[in-house]
Amino acid sequence: MQRGQQILSEKSIDTAGIQERIMDVKDEWTTLEDQAAQRLGHLQEALNFFQFSTETDDLVVWLQDAYRLVSSEDFGHDEYSTQSLLKKHRGVSEDVDKHRLHVVALRKHMVALPLRYSEQEEVLVRMVEVEQLYTEVVEVGVLRQQWLHDALAVYRMFSEVNACELWIDEKEQWLNKMEIPEKLEDVEVVAHRFESLDQEMNSLMGRILDVNQIVQQLLDGGHPSSTEVRGCQDHLNSRWNSIVGLVEQKKDQLDSMLRLQNYLLECVEIKSQIQEKRKAIDATQYAGSDLGGVLALQRRLSTMEGALSVLEPKLMHLQEEAEHLATAHPGRATEVLLPFDGISVEWEELKRTLQGCEDSLMVASRLQSFIQDLDLFLTWLVQTQTAAASDQLPNDLEEAEKLINKHAALKEEIGRYEEDYERLQAMNELLESEEAPLPQAALQQWLQKLDVGWNKLLEMWESRRDVLVQAHIFHLFLRDVKQAESFINNQESALAHGELPNTVETVEAAVKKHKDFTTTMELNLHRIKAVIEAGESLISQNNIYSDRIKERVDTLANRGNQNREQAQQWLDKLNDQWALQRFLQDCHELGDWVCEKMLMARDSSHDETQKLHKKWLKHQAFMAELAQNKEWLEKIEREGQQLIHEKPELGQMVQRKLAEIRECWQDLESTTQAKAQQLFQANKADLLVQSYHSLDQRLGQLEGQLAFVDRGQDLSTVNRQLKKLQTMEFQMEEWYKEVGHLQVQASSVPQQARVKETVAEQQAAVEARMVRLIEPLKERRRFLLASKEVHQVGRDLEDEMLWVQERLPLAMSQEHGSSLQSVQQLMKKNQTLQIELQGHHGRVEEVLERAGIIASIRSPEGNMVRAGLEQLAQLWALLWVETERRQLVLDAMYQAQQYYFDMAEVEAWLSEQELHMMNEEKGKDEPSTLQLLKKHLVLEQTIEDYAETIGLLSQQCRQLLEMGHPDCEQISKRQSQIDRLYVSLKDLVEERKSRLEQQYWLYQLNREVDELEQWIAQREVVASSPELGQDFEHVTLLQEKFTDFASETGNVGQERVTAVNQMVDELIDYGHAEAATIAEWKDGVNESWADLLELMETRAQMLAASHHLHKFFSDCREVLCQIADKHRRLPEVRGRQSSTSNTSTLQRLLQGFEQDIQLLVTQVRQLQESAAQLRTVYAGEKADAIACREHEVMQCWKELLTSCEECRVQITTETDKLRFFSLVRDQIMWMDSIICQIGTGEKPR
């Protein structure tokens, strides 16, 4: 075709048919392409159909395999196989879920087939079969999964049931074999085992409940094996019920035996207690002349009665227990009731003894009552002192009120006990009148302690009340502080949310609102100041919370100052904003005025009816108005420059506004000047004359003002005259400038003689008058300045004298303070006055110097200044002298008050420490006692360090005495009292330290004794072990271990016992208060140690005897083995008889065998000796076993000897036989050799 196109393009000859042929070829080619595309489409549709068929076949095959797997009837035979099948089934289910996409894709593929394929009945049927088959696979898979889960649950249930039944079988065997022991220790061991069994049964019960829950789920789900599962559950529950019943039965038996053993043990303990009490009562004797003996006897009897009142309910309970046990154990009723009968006898004997002792104490009955009352009152007094000396401080106002009420109730209680106090004093007088021998000296000592304690209690109550009142005031102060803080928070919130307005009106409104806020703030400030003043007052009163009060006061003051500063800053911002907006408003008003005047200045309309001079005058008025309003522009510029200086951040905006105003003003001035120049050129000469005339009139007015002289009556009048003079001088300067401008204008006046002359005359007159006014102005200024200096010096002298007179009463005050705080305040005020005088000294000197200069001038004013100068100098010198004198007096008073203050603090501290030292707390155990001892050591070190404070106080006392203070005698007494208090406190410290150390040593010894006894008890368990070994090797191992145990126990135990005994001896030698108890502990430890050594010795002997016995049995077994070995060797020897023809070999064999037997002879003899020894030691079954083993060994030994004898006879016989056969053989051989020699044919030569 390209070739044809080329030919057509060349336009050769005969081209008419080429075009037609090209068109035909194109049509045929198009037809061919359409048919090829149609063919390709048919082939693609066929390919899709066959692909669909292939995928359908593959999917059907896979689904059939999956259906075969999920429809399997294999559900496993145990838990492991079922779990494996369930895992495989999950994998198959996941594959089935994944093939759901294949089924959906196949459905989409079928829909995408052409109609001639998709509407075929075979395709539709195949698709429906695939979907149905997939649905069946899914349903069967779900069903199989459920069956597998059920099977797994069943197998797990069977596994749990088997485990539970195995445990139940084991415990049933243990319970059936168990016998309830008779000893208390064994009963407690079995009870402990039952506690462990309870825990195991609780755990097993949970497993059984889980099994029942699984069974119920299987039954509710309709499991095929429901009958088997139900039977298994019933069997397990029945077994569980039976084991529970068996355990409860054994527990009841065990509890009954434990109760019986506890009853017997309690009987023994109570009987021993009653015997001890009776011995203690028998050992009690009354000594009527010794109060300590009376008190000890009374306390002992009170303790004894209390112990008996405790024992009596125990006896009643023990009787009830005995009756119950006798009923529960009829066979052991005698064993149960007999101990209680012995206790009843001892109890009656104890009551008779106690009654006899009480009868013997009738002599001291009234004294006993008094001592009891005194003891109770002293106990109450100590407790009340402890309550009054409490260091508890309230945490809030409510708690403070509660503590104050509680303290008031304590005062009421003290008031109620005041009658008891007076009654005791009266009872003392009654006892003194008794004729019976009483311990009067000791009673007087106790009553003196009672008086001291009663007075001290009242002082402690007052001190505690002061502390609580201070705490209550402090919490009231905190309440006010919180209110003040709420005010401050509100102020801070209001100040933190302010925004600057943008107009003058809004700024003014904001300023007004802020002023209202500051007014409210000032009102709140008074409240805050009241709180701060209250806090400072508390601090000055030395409140116990002074540090916290000072912190809160400082915080409150700082926050209040910060709020005031922020309020002031916000007010400054508002004022700055007001100034800026005011400036912008002024600029706007000036701009509007300038625009208005600009229109007037540019008005060039000429009214012919008006004269030119009138226009000039009108324009001059306009220019004068401009000149007057130029101050407006200058004021705005000054305000703008001030704003720029004060607020640099507004500089750009202000500069831009000022530039715009200046530009407008310059345009207005230039326009006005141009118009003025235009009018001036039109009427220049007339204007000059009128200008000079107007200036001359103004100079005349100024000259008239200078002619009137006013000296001024006071400083304010002189200042006003000076200000007026400055205005005149400023006007003169302006007029000088105006004359200069007029001279310049006069030079351009036309050269007309008359006009020129008139202008010159006016100019000369004005210039001459201005020259005349210069000197009067200067003279007026000098006069006014001198008058001002005189009046100023007089005013300064009056001010300084008033200032000195205001401070002179403070310097001459006779108030010197009655306390340290007041003296400190007065000293602070005086020091402030001195600092103020030093700072004001320069000002006073300057005023005096200026006044001296004026006073040197002879004039009435000079005389007045001179008098004021002398008066001020006298007052100033008097103020200095009085201030120095007051400072010296206050210093002396400060030293004295500081000493009194330090003395009071030291005395209060010593009293407080003395109260702590009188505390009888000793600690409940070793850690608490050690803690108390550590605290006491720290306190002791603090008291030792406090000696430096006492020394400083004594040094202050000596200084005051050397200074000759008026209260020297009182100061000396107070110092002596402080020294005695300090010495007494140190003695109390040593006593309390000794008590705490003894108590700590006692607890430490108690811990060591308890640990040692526990260690000995643990060793006794090993030493009392009944295990003696099962055989020789076992007993040898036990003996080796026990040897090591005995060696270790002996070394360690002896060291610990020695250490405890040494500690006990040291405490007893030290004189410990509990020496009797410590000695009892020592005896108990030594007895326990001796018992342990005895047990160890017994155990060693028993192990040695067991070792001897088991060695005998072992030797018997060894000998029997050797005898059996010899018996086994006998057939070998006999066998060698027939195989051996050598007699010497048989002889050697027999000799070796007999030598081996000779070795056994020694062993057998040793066994006989051991058996003889053991028979003397053992009897019964062991003796029979020894004899049996010995008989067995001897029987075997005899059999061996008999067999050996028979063998030896056989060997001897066989040896003789062989020897005979050898001799016969030798004879025959000899005979044969002889016959040969006889039969030889050799002849003699």
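Residues numbered from 1 in each chain as written. Predicted model: local features only at pLDDT ≥ 70, side-chain atom pairs only at ≥ 80, totals over all residues. Heavy atoms only, no water.

J.: Any details on the overall build of the protein chain? Residues and values, ideally.
T.: For the protein chain, the count of helices and strands is 27 helices and zero strands. For the protein chain, the proportion of its 1245 residues judged to be buried stands at 34%. Summed over all atoms, the accessible surface of the protein chain reaches about 75,400 Å², with 52% contributed by carbon and sulfur. (Helix = DSSP H or I, 4+ residues; strand = E, 2+ residues; numbered from the N terminus. Buried < 20%, exposed > 50% of the residue type's maximum accessible area, 1.4 Å probe, protein only. Areas by Shrake-Rupley, 256 points an atom, 1.4 Å probe, with all protein chains shown as cover.)

J.: Outline the environment of Glu413, listing residues and values.
T.: Note on placement: Glu413 falls in helix α11 (residues 397–432). We classify Glu413 as partly exposed; its relative accessible area is 24%. Note: C-alpha distance between Glu413 and Thr384 (29 residues apart in sequence) is 9.2 Å.

J.: Summarise the environment of Leu311; cite the residues concerned and give the values.
T.: Relative to the helices and strands, Leu311 is located in helix α8 (residues 291–328). Distance from Leu311 to Ile274, taken between C-alpha atoms, is 8.6 Å for residues 37 residues apart in sequence. With sequence-adjacent residues up to four places away left out, Leu311 is seen in contact with Gln273, Ile274 and Trp347. (Contact = heavy atoms within 4.5 Å.)

J.: Help me get a handle on the pattern of salt bridges, residues and values and all.
T.: For the structure on display, the rule yields 18 salt bridges. Put simply, Glu800 and Arg843 hold a salt bridge, and the shortest N to O gap is 3.4 Å. Taken together, the residues Glu800 in helix α19 (residues 753–811) and Arg843 in helix α20 (residues 820–855) connect sequence positions 43 residues apart. For Glu800, a relative accessible area of 5% gives the class buried. (Salt bridge = Lys/Arg side-chain N within 4 Å of Asp/Glu carboxyl O.)

J.: So, helix α24 (residues 1032–1070): which residues are in play, and what are the values?
T.: A rise of 1.5 Å per residue sets the reference length of α24, with its 39 residues, at 57 Å; its end C-alpha atoms lie 55 Å apart and thus fit the reference within 8%. If you check which residues of α24 are buried, you get Phe1032, Val1035, Leu1038, Phe1042, Phe1045, Thr1049, Gly1053, Val1057, Val1060, Asn1061, Val1064 and Leu1067. Of the residues one or two after α24, Gly1071 is the one with positive phi, at around 85 degrees. (Expected span 1.5 Å × (residues − 1).)

J.: Outline the nonpolar core, listing residues and values.
T.: Of all hydrophobic cores here, the largest spans 48 residues; its most connected members are Met157, Leu175, Phe194, Tyr263 and Ile274. Breaking this core down by element, the ones donating at least two residues are α5 (121–177), α6 (184–220), α7 (226–282), α8 and α9 (333–360). Sorting elements by how many residues they give to this core places α7 first, with 16 residues. Tyr263 has contacts with Leu318, Glu321, Ala322, Leu325, Val336 and Phe340, leaving out every residue within four places of it along the chain. (Core = buried A, V, L, I, M, F, W, Y, C linked by side-chain atoms within 4.5 Å.)

J.: Would you mind going over the side chain of His840 in detail, with residue names and values included?
T.: Topologically, His840 is positioned in helix α20. At 2.5 Å, the side chain of His840 and the side chain of Glu800 are in polar contact. When near neighbours in sequence (up to four residues on either side) are disregarded, His840 contacts Glu800, Trp803 and Trp876. (Polar contact = N/O pair within 3.5 Å; in protein donor to acceptor, adjacent residues only side chain to side chain.)

J.: Which residues make up a negative patch on the surface, and what values go with them?
T.: A cluster of acidic residues, Glu276, Glu1080, Asp1083, Glu1087, Asp1091 and Glu1094, forms a negative patch on the protein surface. With five residues, helix α25 (residues 1075–1139) is the single largest residue contributor to the negative patch. Structurally, Glu1087 is set in helix α25. Residue class for Glu1087 comes out exposed when judged on its relative accessible area of 52%. (Patch = residues over 30% accessible without salt bridge, like charges linked within 9 Å, V, L, I, M, F, W, Y side chains within 5 Å. Lys, Arg positive; Asp, Glu negative; His and termini not counted. Charge placed at Lys NZ, Arg CZ, Asp CG, Glu CD.)

J.: So what's going on with the packing of aromatic side chains? Residues and values would help.
T.: If you walk through the whole model with that rule in mind, you get eight aromatic pairs. Measuring from centroid to centroid gives 6.0 Å for Trp876 and Trp880, while their planes differ by 80 degrees, and the two rings are edge-to-face. Here Trp876 pairs with Trp880, and both are found in helix α21 (residues 860–917), just four residues apart, close to one helical turn. According to the relative accessible area criterion, Trp876 is buried, its value standing at 7%. With a centroid separation of 3.9 Å and 20 degrees between ring planes, the pair formed by Trp909 and Tyr946 is classed as stacked. A residue pair is termed long-range when its members are at least 10 positions apart, and Trp909 in helix α21 and Tyr946 in helix α22 (residues 926–963) qualify at 37 residues. Like Tyr946, Trp909 is buried. Site record: aromatic cluster; members linked through ring pairs are Trp803, Trp876 and Trp880. Between Arg1099 and the ring centre of Phe1042, over which it is positioned, the NZ or CZ distance is 5.9 Å. (Phe/Tyr/Trp six-rings, centres within 6.5 Å; stacked < 30°, edge-to-face > 60°. Lys NZ or Arg CZ within 6 Å of the ring centre and 35° of its normal.)

J.: Before we move on, can you summarise the confidence of the model for the protein chain with the specific residues and values?
T.: Confidence in the prediction of the protein chain, expressed as mean pLDDT, is 75, and 78% of residues score 70 or more. Here helix α17 (residues 684–707) stands out as the element of the protein chain with the lowest mean pLDDT, 64, in contrast to α24, whose mean of 85 is the highest. Counted against residues more than four places away or in other chains, residues 286–292, with its pLDDT under 50, gives 15 contacts. This stretch, residues 606–610, has a pLDDT under 50; its non-local contacts, to residues over four places away or in other chains, come to four contacts. (pLDDT = per-residue confidence, 0-100.)

J.: Kindly report on the packing of α22 against helix α23 (residues 968–1023), identifying the contributing residues and their values.
T.: Close contact between α22 and α23 brings their axes to 9 Å; oriented N to C, the two are set at 165 degrees. Taken together, the axes of α22 and α23 lie roughly antiparallel to each other. Like other packed secondary-structure pairs, α22 and α23 cross with a definite hand, here left-handed. (Axes fitted to C-alpha atoms, helices over the stretch in contact; angles between N-to-C directions. Parallel < 35°, antiparallel > 145°, perpendicular 65-115°, else oblique. Left-handed = near helix turned anticlockwise from the far one by under 90°.)

J.: Can you tell me about a nonpolar patch on the surface, naming the residues and giving the values?
T.: A cluster of nonpolar side chains, namely Phe1220, Phe1221, Val1224 and Ile1228, defines an oily patch on the protein surface of about 360 Å² accessible area. Classification of Phe1221 as partly exposed rests on a relative accessible area of 41%.

J.: Tell me what's going on with the packing of α23 against α24, and back it up with residues and numbers.
T.: Where α23 meets α24, the closest approach of the two axes is 11 Å, and the angle between their N-to-C directions is 160 degrees. Between α23 and α24, the interaxial angle falls into the category roughly antiparallel. The handedness of the crossing between α23 and α24 is left-handed. Classifying every residue of the contact of α23 with α24 gives 16 nonpolar, four polar and five charged. (Nonpolar A, V, L, I, M, F, W, Y, C, P; charged D, E, K, R; others polar.)

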